[in-house]
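# Residue-level structure breakdown
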Amino acid sequence: MTTMDSATRLERRYRRLLWAYPREYRKSRADEILGTLMEIDEGRRWPAPREAAALLTGGLRTRIRANRERPPRQVWRDGLRFAVLAALAAALLQPFIDVEVSFTDAAPVQDRVFAAIAMLLTTAALAVAARGRYWLAIGACAAGWAAIVTSFQLSEHNWGAAAFIAVEPVVAIVGLIVLAIRRVPGGRAWPWLALLALLCAEAIPSFHLETRYLAVALRTGLAAILLLTAVVDARLPMIGTGLATGMLFAQTIVMLSTPMPASDVVSMLGTTAAYLALTLVVGPGLHAWRRRSSTPDDTVAA
Amino acid sequence: MREPTYFILTALLDGPLHGYAIISQVAQLSSGRVRLAAGTLYAALDRLTAEGMLRVVKEEIVSGRARRYYGVTEPGTVAVRAEADRMAAAAALVTHRRRPIVATAVMAV
C-alpha cells in the first residue's frame, strides 16, 4: 500500500468521526479540522484513540451549544416536521403488517398486489416528504391509501378493519398539508427511511400474540431514547409525538370497531396522552427553560 | 482559566498561528505536558473567538483545505496577563517564603 492510499483512508475515517459535529458546523469547519488532524497523524492508518475521543466529545458539545442557540420558533417548526414524518412512518407500518398477514394467510393474489403497491407508494411518500416536497408526498400517500381501501372493498373485509388500516395515512396527509402551507424546509431522507426500517423490525413481534410484549418493550425503549436526546437536540422528542399521535388514532378506531373493557380503553388513552404531553414538555419545554437560564457567564467559565 | 486555554493564548502572544502550529507550540511551551487533541483545540478556539479573545486574522488554502490563522486580541492579552499574575501570586506564597517549611515526618505505625 502506498503512503497516498493510507492518507486517504485515514482522511475518510476522520471525516466519518466528524459526523459527531452538527451539519452546519461541518460545512464551515470540517476541512480546517481535517487538515490539522492529517498533520498530527501523518503516516497513520487509523485515527488515534485520543483524537477520536476528543472529536466525539467536541462534536457533542458543539451540538448542545447549537441546540441552545436555536430559536424556539425553529424548534417548533422542525419539531412539527419531525412529528408529521414520524406519523407518516407509523402510517406506513399498516401496509407492511397487511402484506405480512396477506402472505401468511394464503390470501388472494390481489390482496398481496394491492398491499405491495401501497407499501411502495407510501415509502416513496416518506422519502419525498423528508426532502420537503410535501404536495408530491400528499399525492403518493393518497394513492397508497386508495390502494388499501380498494383492496379491502374487493376482498369483502369488514369496514371497521378497513377504517383501522386506512386512517393513519389520512392523519399523515393532514399533517403534510400543514407543512406544505407553512413552507417548512426539507432535509435528508435517509434518517426517516431508517426510522421506517426500525419500526418495521419493531412490528414483526406484534404479529404473534406471545411476543406482543416484546413489541411494546421495543417501542417504550425507542420512546425513552428519544426523550433522552432532548439534552442534545430539543427537536428529536417530537418524533415521539408523531408516533404517539399515529397510534392514538389507530387505537381510537379499534375501540370504536371492537367492544373493549373500559379499563383497557382508559389505560390505552392515558398512556398515549401522557406520552404526548411528556414529549412536548421535555423537548420544547426544556429548550425554553435552558435558553432562559443560560447567561453569558456559562460561556466565559472554563 | 483552564491550563489548555492559558497555553493557547500564550502560544499566540508572538503572533498568529494555525491549528497544527498552535498544538506544536503549546506542547513545546509546556515541555510536552499539554498535548492538545484537535477536537479539544477547536472547541477552545471556537469558545475564545466567541468571547472576543481570539480573532481569525488570515485564511489560506493549503492542499485543497482551508487553513485559518488565529491571533490574540487586546481582551485576550489582558486575560492571559491577569491569569499569569494570579498564578505568580499563588506561586509566591511558596517560593518567597521567609520562614522555613515545616514538613511533618511520615511515620510507620
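Shown above is the structure to which this text applies.
Let me sum up the structure you'll find in this document.

Cut-offs and rules
- Residues numbered from 1 in each chain as written.
- Chains lettered and ligands numbered in written order.
- Predicted model: local features only at pLDDT ≥ 70, side-chain atom pairs only at ≥ 80, totals over all residues.
- Helix = DSSP H or I, 4+ residues; strand = E, 2+ residues; numbered from the N terminus.
- Rg over C-alpha atoms; globule rule 2.2 N^0.38 Å.
- Buried ≥ 20, exposed ≤ 12 C-beta atoms within 10 Å, placed from the backbone.
- Contact = placed C-beta atoms within 7 Å.
- Core = buried A, V, L, I, M, F, W, Y, C linked by C-beta atoms within 7 Å.
- Pairing = 2+ DSSP bridges.
- Axes fitted to C-alpha atoms, helices over the stretch in contact; angles between N-to-C directions.
- Nonpolar A, V, L, I, M, F, W, Y, C, P; charged D, E, K, R; others polar.
- Expected span 1.5 Å × (residues − 1).

## Brief notes about the overall build of chain B
Along the backbone of chain B there are four helices and three strands. Taken from the N to the C terminus, the helices and strands of chain B come in the order α-β-α-α-β-β-α. For chain B, the C-alpha radius of gyration of 19 Å lies well beyond 13 Å, the compact-globule estimate for 109 residues. Seen through its principal axes, chain B has C-alpha atoms that stretch 65 × 35 × 20 Å. Looking at chain B as a whole, 27% of its 109 residues are labelled buried. For chain B, the proportion of contacts with a sequence separation of at least 24, taken over those separated by at least 6, is 43%.

## Some remarks on the overall build of chain A
Across its full length, chain A carries 12 helices and zero strands. Listing every helix and strand of chain A by position from the N terminus yields α-α-α-α-α-α-α-α-α-α-α-α. Put simply, chain A has 302 residues, and 32% of those count as buried. Considering only contacts within chain A whose residues lie at least 6 apart along the sequence, 76% involve residues at least 24 apart.

## Some thoughts on the nonpolar core
In this structure, L85, A86, L88, A89, L126 and L176 of chain A are the most contacted members of the largest nonpolar core, which totals 49 residues. Every residue in contact with L85 of chain A, bar those within four places of it in the chain, is listed here: L126, A129, A130, W192 and G242 of chain A. Counting residues in each nonpolar core, the second largest holds 35 residues, with I33 and L55 of chain A together with A11 and L36 of chain B among its members.

## Quick notes on the sheet that holds strand 3 (residues 65-72) of chain B
Residues and elements named next belong to chain B. Pairing is antiparallel in the open sheet, where three strands are placed in the order 1-3-2. Edge positions in the sheet fall to strand 1 (17-18) and strand 2 (54-62), since each of these pairs with one other strand and no more. Taken together, the two bridges between strand 1 and strand 3 define a ladder with antiparallel strand orientation. Looking at the pairing, L17 lines up with Y70 of strand 3. Docked against the sheet, helix 3 (residues 38-50) engages strand 2 and strand 3, running at close to 130 degrees with respect to strand 2.

## Some details on helix 1 (residues 3-11) of chain B
Among all positions of helix 1 of chain B, only F7, I8, L9 and A11 of chain B are buried. Buried residues along helix 1 of chain B sit in contact with strand 1, helix 2 (19-29), helix 3, strand 3 and helix 4 (74-95) of chain B.

## Some words on the environment of F82 of chain A
Residue and element names in this part refer to chain A. Relative to the helices and strands, F82 resides in helix 4 (residues 72-104). For F82, a count of 25 C-beta atoms within 10 Å translates into the label buried. Separated by 75 residues in sequence, F82 and A7 have C-alpha atoms that sit 38 Å apart. Contact partners of F82, with chain neighbours within four places excluded, come to R235, M238, I239 and G242.

## Concerning the interface of chain A and chain B
In this assembly, 20 residues from chain A lie in contact with 18 residues from chain B. Listed by contribution, the elements that provide at least two residues to the side of chain A that touches chain B are helix 2 (23-40), helix 3 (49-69) and helix 12 (297-300) of chain A. The element best represented in the side of chain A that touches chain B is helix 2 of chain A, accounting for 10 residues. The class makeup of the residues in the side of chain A that touches chain B is eight nonpolar, five polar and seven charged.

## Concerning helix 2 of chain A
Because an α-helix completes one turn every 3.6 residues, residues spaced three or four positions apart along the sequence face the same direction. Between the first and last C-alpha of helix 2 of chain A there are 24 Å, a value that for 18 residues agrees with the 26 Å anticipated at 1.5 Å per step. Turning to helix 2 of chain A, its buried residues number three or more, namely Y25, E32, I33, L34, G35, T36 and L37 of chain A.

## Examining the pairing of strand 3 of chain B
Residues and elements named next belong to chain B. Direction of pairing for strand 2 relative to strand 3: antiparallel, over a ladder of eight bridges. Bridge pairing in strand 3 places K58 opposite Y69. Once strand 2 ends, the chain turns through two residues before running back antiparallel as strand 3, passing S63 with a positive phi of about 40 degrees.

## Quick word on unusual backbone geometry
Where the residue is not glycine, phi is negative for most of them; where a peptide bond is considered, it is trans in most cases. Phi is positive for R183 of chain A, which is not a glycine, with a value near 55 degrees. Position of R183 of chain A among the secondary structure elements: in the loop between helix 7 (159-182) and helix 8 (190-203). Judged by the 9 C-beta atoms lying within 10 Å of it, R183 of chain A is exposed. Positive phi outside glycine occurs at S31 of chain B, with the angle close to 55 degrees. Tracing the backbone through its elements, the reader meets S31 of chain B in the loop between helix 2 and helix 3.

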